[in-house]
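# Summary of the model geometry
The chain contents come next:
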Amino acid sequence: MGVALGRTALSPNIKERRDYSCAVFDPQGRLVAQAAHIPVHLGAMPTAVAAALPLAPFRPGDVVILNDPYLGGTHLPDITMVSPVFVGRRLAGFVASRAHHADVGGMAPGSMPLAQELWQEGVIIPPLKLCEGGRLNRGVLSLLLRNVRTPEERQGDLDAQMAAQRIGEARLQEICQRYGLRRAWLLMAALQDYAERMTRAAIARIPDGDYQFEDCLDDDGVTDEPLPIRVRVSVRGDSLHCDFTGTAAERPSSINAVAAVTRSAVYYVVRCLLEESVPANEGCFRPVSLTLPEGTLVNVRPPRAVSAGNVETSQRIVDVVLGALAQALPELVPAASQGTMNNVALGGWDPYRGRPFAYYETVGGGAGAGPLGPGLSAVHTHMTNTMNTPVEALELAYPFRVSEYRVRRGSGGLGRHRGGDGIVRTWEFLAPAVVTIVTERRRLPPWGLQGGGPGQRGRNLLRRASGETVELPGKGQFQLSPGDQLVLETPGGGGWGEPPPP
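Residues numbered from 1 in each chain as written. Predicted model: local features only at pLDDT ≥ 70, side-chain atom pairs only at ≥ 80, totals over all residues. Heavy atoms only, no water.

## Details of the packing of helix α6 (residues 151-179) against helix α7 (residues 181-204)
- Across the interface, α6 lies against α7 with an axial gap of 6 Å and an inter-helix angle of 110°. The orientation of α6 with respect to α7, classified from their angle, is roughly perpendicular. α6 and α7 meet at a crossing whose hand is right-handed. Touching Leu172, Cys176 and Tyr179 of α6 are Leu181, Arg183, Ala184, Leu187 and Met188, all from α7.
- Residues that form the contact of α6 with α7 fall into these classes: 7 nonpolar, no polar and 1 charged. (Axes fitted to C-alpha atoms, helices over the stretch in contact; angles between N-to-C directions. Helix = DSSP H or I, 4+ residues; strand = E, 2+ residues; numbered from the N terminus. Parallel < 35°, antiparallel > 145°, perpendicular 65-115°, else oblique. Left-handed = near helix turned anticlockwise from the far one by under 90°. Contact = heavy atoms within 4.5 Å. Nonpolar A, V, L, I, M, F, W, Y, C, P; charged D, E, K, R; others polar.)

## Details of the layout of surface pockets
- Computed from the structure, the largest pocket encloses a volume of approximately 1,400 Å³.
- As for the largest pocket, its lining consists of 50 residues, of which Tyr268, Arg271, Cys272, Glu276 and His382 are closest to the centre.
- Listing elements by their share of the lining of the largest pocket, those giving two or more residues are β2 (31-34), α3 (39-42), α8 (259-272), α9 (282-285) and α10 (307-328).
- The element that contributes the greatest number of residues to the lining of the largest pocket is α8, accounting for 6 residues.
- By residue class, the composition of the lining of the largest pocket is 31 nonpolar, 15 polar and 4 charged.
- When its volume is computed, the second largest pocket comes out at roughly 370 Å³.
- Lining of the second largest pocket is provided by 18 residues; of these, Leu10, Pro12, Glu153, Arg355 and Ala397 occupy positions nearest its centre. (1 Å grid on protein atoms, 1.4 Å probe; cavity = no way out; pocket = protein on both sides within 12 Å on 5 of 7 lines; lining within 4 Å. Points joined across faces, edges and corners; volume = space filled by probe spheres on them.)

## Describing the sheet that holds strand β14 (residues 400-408)
- Ordered by their spatial adjacency, 5 strands build an open sheet running β14-β15-β20-β17-β18, and the pairing between neighbours is antiparallel. The outermost strands of the open sheet, each flanked by one partner alone, are β14 and β18 (469-472). Going from strand to strand, the sheet's axes swing by 15° on average, the running direction of each strand aside.
- In this sheet, strand β20 (residues 485-489) lies alongside strand β17 (residues 459-463) in antiparallel orientation, the contact comprising 5 bridges. Note on β20: the bridge partner recorded for Asn460 is Leu488. (Pairing = 2+ DSSP bridges.)

Set out below in structure tokens:
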């Protein structure tokens, strides 16, 4: 499914950067298998499938589409498709894909604005059938495309997702025909039970106890106030519970995370405790429970905006859960990685191609060092798993140049093992554009562990064509002119262990 989606997509964000995920579910909507795609998508996708189930009865050829974060989505640019798979007249299971679309409307190009309400972030799609019995609902598709800035690109990416759905249906049908439907169901259940046993065994190796940790988001983009996220991780035997009581209240900005995103971040950390060979499915989730106080940054109430919660708050949730577990597993848990996705969303009118354009990208940084060695440099970490968008692909598609792209040497934290270094990336604009940046770790650096030093904080700069250089805040929206340059210096990872003497 993922190969089909990546090869047939139109936008660089999906085709080159591979900002998408695919998974398979049983007839009850339980996760059976997932690809090695985007952690923040995959842990939350079961919620999307659950949101699609009330649209039953299903028929062969049905495709459900949705992006509402409060009804199974994560943030509006992530559009999910869910398809029932039939063998004869019997429902064999579901296949699902989720892809980040570079623009879904809203108050700013790229649909990652500093908004206060969900409606300002883009078109909201509740669970509905885009295809019924194999017939496309052209009225729904026309409505969606009329509400985005780049309808041709969105059409191409939606077509690619539907192609991935068809591939998934065909492959799952092949498996069920090969083994027989009843045996296929038994094997799905056995795979989930095996993952549960392996997860419980990994949790049982953690010493019983309560482990607390707190870290903060820099700000919410409206005020300069740091926003604490607190967790108490309780380990009892082969079960693990995360209680986020004490976390900051929801904010009038987009930094809020829906509960599905928080669950996804916690599941990701638990998955990191397992051997690579353990399949990631519903069984991995069963030993894990959460307390998510309503009306906080980790369980926001509608209609708050949430676009940055998916990309930034999810990273800090990972940091605090890892920080808590480091107390129980000091020989295993690494220092903090860069702790941000360094989001850049922009758009405007492309005078060279005579059409609107919208672009979105996340930029890598430094990984935290660990007990076994230094952190990697210039990589995406934790809740993002995307690739680099090649400079050539960007300059082919958009009216800007990438004039600088290099490792930010020396930005990793000191220690027995050094943190990984961040990245410096510079965009030079050839046409006017509205730019939104949503970044973290510009005020509070990624922490080190066991005596290791923090990674360097990130920095955002604007170099005007006039020669003036301005330091930008971590979150903001700006109007750029031809000749202006946007510079992102991303954070390094934290160091691990006491540095050797000079």
